[in-house]
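# Secondary and tertiary structure notes
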Amino acid sequence: MKRFIIDTDAGVDDALAILMALGQKDVKIEAFTTVSGNVGVDKTTANVLKILDLVGQDIPVYPGCPRPLVCPTYDAASIHGSDGLGDAGIPASKRQPEGKHAALALIDLANQNPGQLSLIAIGPLTNLAAAVTLDPELPGKFAELTIMGGAIYAKGNTHVTAEFNIYADPEAAHVVFERWPKVRVLSWETTMAYPFNGEQVKGFFGMNTPKAQFFHDIYQNTLGFLREKFHQDLLFSADGLAVACALNPGIITAKEDHFVSVELNGSDTRGMTSVDWFGLSGQPANAEIILEIDHARYVEMIEASLQ
Ligand code: BDR
Ligand code: CA
């Protein structure tokens, strides 16, 4: 049984990713840690608890950093809704989060289960940067780290060359890419290569289950945003794809190992994930970059998670 911790800024695609993680066989989610990103950390924490209520699972949720390490907060409420779940009126949970800070929880859980847990980060990397600063040995205590983040070809979705999770806390991302010897990276460009088309979206929404209804309700805001941008019904789930790749690396059909660093300066390049495609820096590869996936199997995983 593979065991995971998910670090999330629970917005709508995080929610789909979490449903997927909670719905797979042979997978155990040990804990969630939450971070400020799409919306503030109080809301992202509340959102994970709402999702756990929906699926009837009682998994600890540890609230983390309320703001980036250095820069001002930058959110994505215009896409995810002011509550982070599409302002769909999802009822608040009565459950409380844990009292321990996410960064400390990451350290404690890794120490209690050395080499046995894998970490999936689908929000800004603030908690991970704090944790690895407190415990420099932390990367070696996790089996794997999968990150949804970065624009590998510099086609940013938030800033000219930067993807949201990196741009929202570039200093944290810089620390994580520098200190973690090897991370798996699902970029914005790979996400964009695998949209769900209108028919597939209709199929998911029509599954007639409470999870499919939840998915439908929270995504209306985002679908409207995407319809305006692309003039058709389609949907991307960056976090869903990252979690699918972490839970089931068999769906990855092409990947390359390279050295990746995070740019902190430049008016157009702050938050850029610079990839040394041709090994010019002489630095050892620190990232396994996902380039292609088996989309049919990804769709099957989404369907299974909405049952
Ligand atoms: C990432 O940014 C967030 O808005 C999404 O939840 C996802 O983690 C995509 O760039
Ligand atoms: Ca996210």
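Along every chain, residues carry numbers that run from 1 in the direction the sequence is written. In the order they appear in the text, chains get letters beginning with A and ligands get numbers beginning with 1. pLDDT decides what is reported in this predicted model: residues at 70 or higher carry local features, side-chain atom pairs at 80 or more are listed and counted, and totals for whole chains, interfaces and linings draw on all residues regardless.

For the chain, an unreviewed UniProt entry supplies the name Purine nucleosidase and the organism Pelolinea submarina.

## Some remarks on the packing of helix H1 (residues 12–23) against helix H11 (residues 210–230)
Lines fitted to C-alpha atoms define the axes, with helix axes restricted to the stretch in contact, and inter-axis angles between N-to-C directions lie between 0 and 180 degrees. Strands are runs of DSSP state E lasting at least 2 residues, helices are runs of H or I lasting at least 4, and numbering of each runs from the N terminus. Running from N to C, H1 and H11 point in directions that differ by 160°, and their axes come no closer than 9 Å. In terms of orientation, H1 lies roughly antiparallel with respect to H11. With respect to the hand of their crossing, H1 and H11 are arranged in left-handed fashion. Between H1 and H11, the residues in contact are Val12, Ala15, Leu16 and Leu19 and Lys211, Phe215, Ile218, Tyr219 and Thr222, respectively. Under the scheme applied, nonpolar residues are Ala, Val, Leu, Ile, Met, Phe, Trp, Tyr, Cys and Pro; charged residues are Asp, Glu, Lys and Arg; polar residues are all the others, including Gly. Looking at side-chain class alone, the contact of H1 with H11 contains seven nonpolar, one polar and one charged residues. Each angle receives one of four descriptions, namely roughly parallel if under 35 degrees, roughly antiparallel if over 145, roughly perpendicular if within 65 to 115, and oblique otherwise. Handedness of a crossing follows from how the near helix is turned relative to the far one, being left-handed for an anticlockwise turn of less than a right angle and right-handed for a clockwise one. We call two residues in contact when their backbone-placed C-beta atoms lie within 7 Å.

## Quick notes on the site of ligand 1
As used in this record, a residue near a molecule or strand is one whose C-beta atom, placed from the backbone, is within 6 Å of it. By nearness alone, 15 residues border ligand 1, and Gly11, Ala76, Phe164, Ala238 and Asp239 come closest of all. Those elements that place two or more of their residues in the shell around ligand 1 are H1, helix H7 (164–167) and helix H12 (238–247). Looking at the shell around ligand 1 residue by residue, the class counts come to six nonpolar, five polar and four charged.

## Structural notes on the pairing of strand E10 (residues 273–276)
In the case of a regular strand, side chains alternate between the two sheet surfaces. Put plainly, a residue is buried at 20 or more neighbouring C-beta atoms within 10 Å of its own, exposed at 12 or fewer, and partly exposed in between, counting only other residues' C-beta atoms, which are placed from the backbone. Across the two faces of E10 the burial differs, with Thr273 and Val275 buried and Ser274 and Asp276 not buried at all. In this description, strands pair whenever DSSP reports at least two bridges between them. Strand direction decides the pairing type here: strand E9 (residues 252–262) and E10, joined by four bridges, are antiparallel. Paired with phenylalanine 259 across the two strands is aspartate 276, which belongs to E10.

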